[in-house]
Amino acid sequence: MAYAQLFSCHFYCQDSWLSSPVLVASEVFRQSRGSSFLSWNSNTKKNHRRIFMNMQADRASKAIHASELKIPHVLTVAGSDSGAGAGIQADLKACAARRVYCSTVITAVTAQNTAGVQGVDVVSEEFVAEQLQSVLSDMHVDVVKTGMLPSPGIVKVLCQSLRKFPVRALVVDPVMVSTSGDMLASPSVLAGFREELLPMADILTPNIKEASVLLGGVPLQSVSDMRSAAKLIRDMGPRNVLVKGGDLPDSLDAIDVFFDGKSFYEMHSSRVNTRNTHGTGCTLASCIAAELAKGSSMLQAVKVAKRFIETALDYSRDIVIGNGVQGPFDHFLALKNISQSSIRQDRFNSNDLLLYAVTDAGMNRKWDRSIADAVKAAIEGGATIVQLREKEAETGDFLDAAKVCLKICRSYGVPLLINDRIDVALACDADGVHVGQSDLPVSVARTLLGPDKIIGVSCKTPEQAQQAWISGADYIGCGGVYPTNTKENNRTIGLDGLKAVCLASKLPVVAIGGISPSNARSVMEIGAPNLKGVAVVSALFDRECVLTETRNLHALVIEAAAALTK
Ligand SMILES: Cc1ncc(COP(=O)(O)OP(=O)(O)O)c(N)n1
Ligand SMILES: Cc1ncsc1CCOP(=O)(O)O
Ligand SMILES: [Mg+2]
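Residues numbered from 1 in each chain as written. Chains lettered and ligands numbered in written order. Predicted model: local features only at pLDDT ≥ 70, side-chain atom pairs only at ≥ 80, totals over all residues. Heavy atoms only, no water.

A.B. asks: Go over the site of ligand 1 with me, naming the residues and quoting the values.
C.D. replies: Near ligand 1 you find 14 residues, and of these Gln 387, Arg 389, Lys 391, Ser 458 and Lys 487 are the closest. Between ligand 1 and Gln 387 there is a distance of 2.7 Å, counted from a nitrogen atom to a side-chain nitrogen or oxygen. A distance of 2.5 Å is found between an oxygen atom of ligand 1 and a side-chain nitrogen or oxygen belonging to Lys 391. For ligand 1, whose accessible area on its own is 430 Å², the fraction buried by protein is 89%. Counted by class, the shell around ligand 1 contains 3 nonpolar, 6 polar and 5 charged residues. (Near = heavy atom within 4 Å. Polar contact = N/O pair within 3.5 Å; in protein donor to acceptor, adjacent residues only side chain to side chain. Areas by Shrake-Rupley, 256 points an atom, 1.4 Å probe, with all protein chains shown as cover. Nonpolar A, V, L, I, M, F, W, Y, C, P; charged D, E, K, R; others polar.)

Structure below.
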């Protein structure tokens, strides 16, 4: 009986299941009292308490799950762009870049590239409706963002679906004409926009051309025109309007006008001089939708979206994709620094350890040369990898030097590593880092740098060498093999110590510490196949001519390595 009462309470209270333990408790009590429930003995009490506690635990775990698994979700209803700069493809990339899930309803398939739109195949309104039903009946969508809506029928089925499955916000990008000048919606779509869609929209994001079309063709030539347009368009129903002024003539900045019905906000961002602007409208609207899905206010969402576009355009200003006049940009800010060395399949080649040049600012100062000149000379002399080890440098100076040296290294296809400073390596997108036993652990460095960067770690003992492998390092720097003045208080491990580390290591090893032309051969000849080379500071850089010294040492290690393979 008691169980039956509680069971019914469970269902009765389902709506408040997650939110109000007090309500659940009082409901248990109310129902048990109102049921001539006379045998309220201590056992029953205990049972009730146990069941109630179980309910509490169940509720808590459901609450944890609910908050853990709630993923902000944008549904984009738009056209596909085969060149992937705009449309559905831009929306997916923008949402992924803003860390929001994005589902897609495709309204049209376009044959498109950086030169323009070559063809459009409109999806039937029935099939658009079917896609909408599939997504909205199953998934929790926070925000719907619309792009290309090529027919009045598609606008109609979209509005029907939105009435059936209301969402938190609707972002409408009134895509009518592509940036290349091609028509993407029939004129009859305008009526559907005005009658049904715009009154449902939380924000409308027309560019100047689209704002003009919406207003029956009035030209927009100034910020003041954009303000008037924003006001008139808002009268058509959307709660907020963002008129994008990227195409405004005679303006140094890209100025957008945001109007929320009460206030106007002029949003300035610097105009990025690039051909890679294809897809900015779709991306901006998707970013707004993504921020709204995360819970931002409208003004904040617009600000973040604009900042994202500005950064992405600036980052992608020089990338080359396609031969047409307007290229796509890189939503993930990852393509610019792709060099031949970073896209080669074998990201780390242990043969690169052969002659490992490690810089020292003090030595370069002493010999009155810049770090750039030192690095260039070392590479021309035969250095196969370069490490910047700038112990005294200010962070900003270190980063500046790293950027300059990275350019030089990339131009020669030689990897550049940064000693100790993972932040500097990340900031300049160096090829990797070298860390010591008391720097950030290799596993943390790997998490921060990702799977593609090179990570080396200093090891003096076989145990450290085994740990280096487990932690995900790529190579081991082992030393000091001989006494050195370059590193203070550094225990010398000798050739025996080096050999012990090599034998214990599954990773390639480079020897370091007091190595020069006079002893490099003995190092290379210790008889460990995974000893791949020598790392040198003073024998290269505490000398008058870096080029000559590197050349000599290079000839020597090449000879020693060749003798070993005979
Ligand atoms: C290849 C190579 N091995 C060792 C070092 C030493 O780095 P450093 O930061 O001077 O000292 P630890 O961090 O190892 O204690 C290196 N730079 N390169
Ligand atoms: C950085 C470092 N780590 C171990 S020994 C050493 C110094 C190597 O410098 P040099 O080649 O001048 O002996
Ligand atoms: Mg270190």
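A.B. asks: Now, about the coordination of the magnesium ion (ligand 3): what can you tell me, with residues and values included?
C.D. replies: Bound to the magnesium ion (ligand 3) on the protein side are Asp 420 (OD) and Asp 439 (OD), at distances that span 1.9 to 2.4 Å. Separated by 19 residues along the polypeptide, Asp 420 in the loop between strand 12 (416-419) and helix 16 (422-428) and Asp 439 in the loop between strand 13 (432-435) and helix 17 (442-449) bring together distant segments of the chain. (Donors = N, O, S within 2.8 Å, 3.2 Å for Na, K, Ca; no water. Helix = DSSP H or I, 4+ residues; strand = E, 2+ residues; numbered from the N terminus.)

A.B. asks: Requested: an account of the nonpolar core, with residues and values cited.
C.D. replies: Judged by nonpolar contacts, the single largest core of 79 residues is most densely connected at Leu 388, Ile 476 and Leu 498. Formed by 45 residues, the second largest nonpolar core is a distinct cluster that contains Leu 75, Ile 154, Leu 197 and Leu 248. (Core = buried A, V, L, I, M, F, W, Y, C linked by side-chain atoms within 4.5 Å. Buried < 20%, exposed > 50% of the residue type's maximum accessible area, 1.4 Å probe, protein only.)

A.B. asks: Residue-level account of the sheet that holds strand 8 (residues 253-259), with values.
C.D. replies: With mixed pairing, 9 strands are arranged side by side in an open sheet as 3-2-1-4-5-6-7-8-9. The open sheet has two edge strands with one neighbour each: strand 3 (116-122) and strand 9 (264-270). In this structure, strand 7 (residues 240-244) lies alongside strand 8, joined through 4 bridges in antiparallel fashion. Note on strand 8: the bridge partner recorded for Val 241 is Phe 259. Taken strand by strand, helix 4 (residues 87-97) contacts strand 1 (73-81), strand 2 (101-113) and strand 4 (143-146), and its axis lies near 145° from that of strand 1. (Pairing = 2+ DSSP bridges. Contact = heavy atoms within 4.5 Å. Axes fitted to C-alpha atoms, helices over the stretch in contact; angles between N-to-C directions.)

A.B. asks: Can you lay out helix 7 (residues 189-200) for me, pointing to particular residues and giving the numbers?
C.D. replies: Compared with an ideal rise of 1.5 Å per residue, which puts 12 residues at 16 Å, helix 7 spans 16 Å between its outermost C-alpha atoms and is within 8% of the ideal. Buried within helix 7 are the following residues: Val 189, Leu 190, Gly 192, Phe 193, Glu 196, Leu 197 and Leu 198. Where helix 7 is buried, its residues contact strand 4, helix 6 (152-164), strand 5 (169-172), strand 6 (203-204) and helix 8 (208-214). (Expected span 1.5 Å × (residues − 1).)

A.B. asks: Residues and numbers for the side chain of Arg 389, please.
C.D. replies: Topologically, Arg 389 is positioned in the loop between strand 11 (385-388) and helix 15 (395-412). Despite its burial, Arg 389 pairs with no opposite charge, the nearest such side chain being Asp 360 at 4.3 Å. Leaving out residues up to four positions away in the same chain, Arg 389 has contacts with Val 358, Thr 359, Asp 360, Asn 419, Thr 486 and Lys 487. (Lys, Arg positive; Asp, Glu negative; His and termini not counted. Salt bridge = Lys/Arg side-chain N within 4 Å of Asp/Glu carboxyl O.)

A.B. asks: Lay out the site of ligand 2 with the relevant residues and their values.
C.D. replies: All residues in the neighbourhood of ligand 2 are listed as Arg 389, Thr 484, Thr 486, Lys 487, Asn 490, Ile 512, Gly 513, Gly 514, Val 536, Val 537 and Ser 538. Protein contact buries 93% of the 370 Å² of open area that ligand 2 shows by itself. For the shell around ligand 2, the class distribution of residues is 3 nonpolar, 6 polar and 2 charged.

A.B. asks: Pulling in residues and values, what's your account of the side chain of Thr 359?
C.D. replies: Within the secondary structure, Thr 359 sits in the loop between strand 10 (355-358) and helix 13 (361-366). Overall, the relative accessible area of 0% leaves Thr 359 in the buried class. At a separation of 3.2 Å, a polar atom in the side chain of Thr 359 contacts the main-chain amide nitrogen of Arg 389. A polar contact of 2.8 Å, which involves the side chain of Thr 359, links it to the side chain of Glu 390.

A.B. asks: So, the sheet that holds strand 11: which residues are in play, and what are the values?
C.D. replies: One closed barrel accounts for 8 strands, arranged 10-11-12-13-14-15-16-17; its pairing is parallel. On average, adjacent strands in this sheet sit at an angle of 25° to one another, irrespective of strand direction. Summarising the sheet, strand 10 and strand 17 (residues 531-536) pair through 3 bridges and their orientation is parallel. Note that in strand 17 the partner of Leu 355 across the bridge is Val 534. Packed onto the sheet, helix 17 meets strand 13 and strand 14 (454-459) and runs at close to 165° relative to strand 14. Sheet contacts for helix 22 (residues 546-565): strand 10 and strand 17; angle to strand 10, the most-contacted strand, approximately 150°.

A.B. asks: Would you mind going over the pattern of salt bridges in detail, with residue names and values included?
C.D. replies: The tally for this structure, following the rule as stated, stands at 20 salt bridges. A salt bridge links Arg 168 to Asp 142, with the shortest nitrogen-to-oxygen separation between them at 3.0 Å. Remark: Asp 142 occurs in the loop between helix 5 (125-138) and strand 4 and Arg 168 occurs in the loop between helix 6 and strand 5; sequence separation between them is 26 residues. Here Glu 559 makes a salt bridge to Arg 521, at a shortest N to O gap of 3.1 Å.

A.B. asks: Describe helix 6, with residues and values.
C.D. replies: Spanning 13 residues, helix 6 covers 19 Å between terminal C-alpha atoms, matching the ideal 18 Å at 1.5 Å per step. Those residues of helix 6 not exposed but buried are Gly 153, Ile 154, Val 155, Val 157, Leu 158, Cys 159, Ser 161 and Leu 162.

A.B. asks: I'd like to hear about unusual backbone geometry, residue by residue, with values.
C.D. replies: Cis geometry is adopted by the peptide bond preceding Gly 480, which originates at Gly 479 and carries an omega value of -5°. Positive phi values are uncommon outside glycine, yet Asp 368 reaches one of about 55°. Secondary-structure assignment places Asp 368 in the loop between helix 13 and helix 14 (371-381). The backbone of Asn 489 shows a phi angle near 50°, a positive value even though the residue is not glycine. Relative to the elements of secondary structure, Asn 489 occurs in the loop between strand 15 (475-479) and helix 19 (494-504). The exposure class assigned to Asn 489 is exposed, which follows from its relative accessible area of 82%.

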